[in-house]
Amino acid sequence: MLLFTPGPTPVPQNVRNAMSDETMHHRTPEFEAIFAKTRKHLFNLFKTDEVIMLSSSGTGAMEASVINLCKNTLLSVNSGKFGERFGKIAISHGLKNVEIKNEWNTPVSVEAIVEAVKSNSDIDAIAVQISESAGGLRHPVEELSKAVKEINPNIMIIADGITAVGVEKIDVSNIDCLIAGSQKALMLPPGLSILGLSNAAIETIGEGKGYYLNLTTEIKKQRQNTTAWTAATTLIMGLLEVLETIESNGGLERLYAETACRSKAVKRALTAIGLHVYPQTPAKSMTTIDDENASEIRNLLKEEFGVNVAGGQDHLKGKIFRINQMGLIEAYEMAWVVNSVELALSRLGRRAYDGTANRVFNEAFFGVEA
Ligand SMILES: *Cc1c(COP(=O)(O)O)cnc(C)c1O
């Protein structure tokens, strides 16, 4: 079965092998050397002033960022389940939450952010997804963070890049906290999250908040190539292998270029067979299609053609399906996925099969358009 859900994503064989060694003790020079190498690669990936790894799923890093960076009021962007989660985290810690809510296909507008910041001086942090995975939506994070910093440079910008770091190059000049998670673009099993921090963020964090999620405690330890609590040793060994694999495959530039190309080619292939891309501003991490037969298409893909794609949640259950574009994906697998969608449409009597999706994907991906 081809796993094409936008998280978890497939773990490459060499990465699985790297994680199959005996468990290593985390307080040893051997592990510290692995930790140091991994950190070095992470600085190259994040381009932030500091990088911290946590043994938690992505939500742990979201919670750590909110409690350490927001002291009063969080402005959260809710165009989907993950954006909504930031607000819930803030409230659960007794912080105030101001939310800008939109339909899941609609990106937040820079104007709405500016207006919110200008009308409420209690807002000291903004939390937003770069790629909101609920609908496969790209928010204008770079533009909104630039606009906010022009108004008040002390407002902390928390950018959830769980389906963006490793997908595209992110301009972190105005971002204070950039979050990644292991099981999405980083091609690992779940359980590791990573935060990139600006120097301004570190200053704001001060003594830090929380116990396990206290970022100051972690920064101090991780600068010495160790962790405050037991490190997720196996996952970190896997992460080092992932980052080295990316390097030996032409580096980040090549990964970003291929992901962008694949993402565009899939969207073209699926629109060429009459399907509709759901988000107004699609992220490169996934292709989301809204369709009245979304459930039937998903079932046919799984049962007849060996392809597992994700559906929708909440009010989009049965209304959309989401195809992963993250990671090192073989073109022949991607071509089979779009071809399977076309086969599913013909099974449903929607469209006679003529191989359009496969042809358009290959023309766009390999640049052999007539
Ligand atoms: C998956 C995801 C999360 C949550 O991560 P968990 O690992 O499930 O805790 C947060 N934000 C985005 C954008 C995601 O895609």
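From a predicted model like this one, the values you see are computed outputs, not experimental measurements.

**A few points about the overall build of the chain**
Each helix and strand in the chain was counted, giving 13 helices and 14 strands. Over its C-alpha trace the chain gives a radius of gyration of 21 Å, about what one expects of a compact globule, namely 21 Å for 370 residues. Projected onto its principal axes, the C-alpha positions of the chain cover 65 × 55 × 35 Å. Counting over 370 residues, the chain shows a buried share of 58%. For the chain, the proportion of contacts with a sequence separation of at least 24, taken over those separated by at least 6, is 69%. For the chain, the accessible area works out to roughly 15,000 Å², and carbon and sulfur atoms hold 49% of it.

**Looking at the sheet that holds strand 14 (residues 320-324)**
Read from one edge to the other, the open sheet built from 3 strands follows the order 11-12-14, with strand pairing classed as antiparallel. The sheet is open, and its two edges are formed by strand 11 (276-277) and strand 14, each paired on a single side. Relative to strand 12 (residues 286-290), strand 11 is paired through 2 bridges, and the arrangement is antiparallel. Paired with Val277 across the two strands is Ile289, which belongs to strand 12.

**A short note on the packing of aromatic side chains**
As enumerated under the stated definition, the model contains 4 aromatic pairs in all. Ring centres of Phe365 and Phe366 lie 5.0 Å apart, and the angle between their planes is 85°; this geometry places the pair in the edge-to-face category. On the accessibility criterion, Phe366 (49% relative accessible area) is partly exposed. Through successive ring pairs, a cluster of aromatic residues spans Phe361, Phe365 and Phe366.

What counts as what
- Residues numbered from 1 in each chain as written.
- Predicted model: local features only at pLDDT ≥ 70, side-chain atom pairs only at ≥ 80, totals over all residues.
- Heavy atoms only, no water.
- Helix = DSSP H or I, 4+ residues; strand = E, 2+ residues; numbered from the N terminus.
- Rg over C-alpha atoms; globule rule 2.2 N^0.38 Å.
- Buried < 20%, exposed > 50% of the residue type's maximum accessible area, 1.4 Å probe, protein only.
- Contact = heavy atoms within 4.5 Å.
- Areas by Shrake-Rupley, 256 points an atom, 1.4 Å probe, with all protein chains shown as cover.
- Pairing = 2+ DSSP bridges.
- Phe/Tyr/Trp six-rings, centres within 6.5 Å; stacked < 30°, edge-to-face > 60°.

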